[in-house]
Amino acid sequence: VQLQASGGGLVQAGGSLRLSCAASGRTFSSYTVGWFRQAPGKEREFVAAIRWSGGTKRYAESVKSRFTISRDNAKNTVYLQMNSLESVDTAVYYCAAGNSIILSSIFTSAAYNYWGQGTLVTVSS
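Right, let's walk through the structure included here. (Residues numbered from 1 in each chain as written. Predicted model: local features only at pLDDT ≥ 70, side-chain atom pairs only at ≥ 80, totals over all residues. Heavy atoms only, no water.)

Section: the nonpolar core
- Among the nonpolar cores identified, the biggest contains 37 residues, and Trp 35, Val 47, Phe 67, Ile 69, Leu 80, Met 82 and Tyr 93 are the most heavily contacted of them.
- When contributions to this core are tallied by element, the ones reaching two or more residues are strand 1 (2-6), strand 3 (17-24), strand 4 (32-38), strand 5 (45-50), strand 7 (67-72), strand 8 (77-82), strand 9 (91-98) and strand 11 (119-124).
- When near neighbours in sequence (up to four residues on either side) are disregarded, Met 82 contacts Gly 15, Ser 16, Leu 17, Leu 19, Arg 66, Phe 67, Tyr 93 and Val 121. (Core = buried A, V, L, I, M, F, W, Y, C linked by side-chain atoms within 4.5 Å. Buried < 20%, exposed > 50% of the residue type's maximum accessible area, 1.4 Å probe, protein only. Helix = DSSP H or I, 4+ residues; strand = E, 2+ residues; numbered from the N terminus. Contact = heavy atoms within 4.5 Å.)

Right, dumping it as structure tokens:
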């Protein structure tokens, strides 16, 4: 599976962005897809994830009320709608995919087999 993340950019605090993660290669619909982010000088952290059916979603507490993850398996694409952005959301955002990820591991980057190149989100205050 090859992943291509896009949609990052510069936005003012309070604004919105939608990130996209387009997949190619294998049947994407059977994979769990997650978004992670890494701010300068910090470790990569979990943001959100969605199971293959789209029925199970998980979010980091810091984004739960502001971000929404969704997927369109027909388009092999997963989206991350980010609203009410804050300066602390500034980071490089990575999408990742993996199969056979148990629910308790969905928050862990090591559980994902495939990674995109990242897209930079900068929130100005």
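Resuming the write-up.
Considerations on the state of the cysteines
- A complete count under the given rule lists one disulfide for this structure.
- A disulfide bridge connects Cys 21 with Cys 95, and the sulfur atoms are separated by 2.2 Å. Its S-S torsion of about 70° marks the bond between Cys 21 and Cys 95 as right-handed, since a negative value means left-handed. With Cys 21 in strand 3 and Cys 95 in strand 9, this pair connects stretches of sequence that are 74 residues apart. You'll find Cys 21 and Cys 95 in the same group, each marked buried. (Disulfide = S-S within 2.5 Å.)

Thoughts on the environment of Ala 13
- By the secondary structure assignment, Ala 13 is in the loop between strand 2 (9-12) and strand 3.
- Expressed as a C-alpha distance, the spacing of Ala 13 and Ala 74, which sit 61 residues apart in the sequence, is 33 Å.
- Excluding its chain neighbours within four sequence positions, the residues that come into contact with Ala 13 are Leu 85, Val 123, Ser 124 and Ser 125.

Some words on the sheet that holds strand 7
- Spatial strand order, 1-3-8-7: four strands in an open sheet with antiparallel pairing. Bordering the open sheet on either side are strand 1 and strand 7, each of which pairs with just one other strand. Across this sheet, the average inter-strand angle for adjacent strands is 15°, counted without regard to direction.
- As paired elements, strand 7 and strand 8 share six bridges and run antiparallel to each other. Directly across from Ser 70, in strand 8, lies its bridge partner Tyr 79. (Pairing = 2+ DSSP bridges. Axes fitted to C-alpha atoms, helices over the stretch in contact; angles between N-to-C directions.)

Spatial relationships are all this shows, so hold off on functional conclusions.
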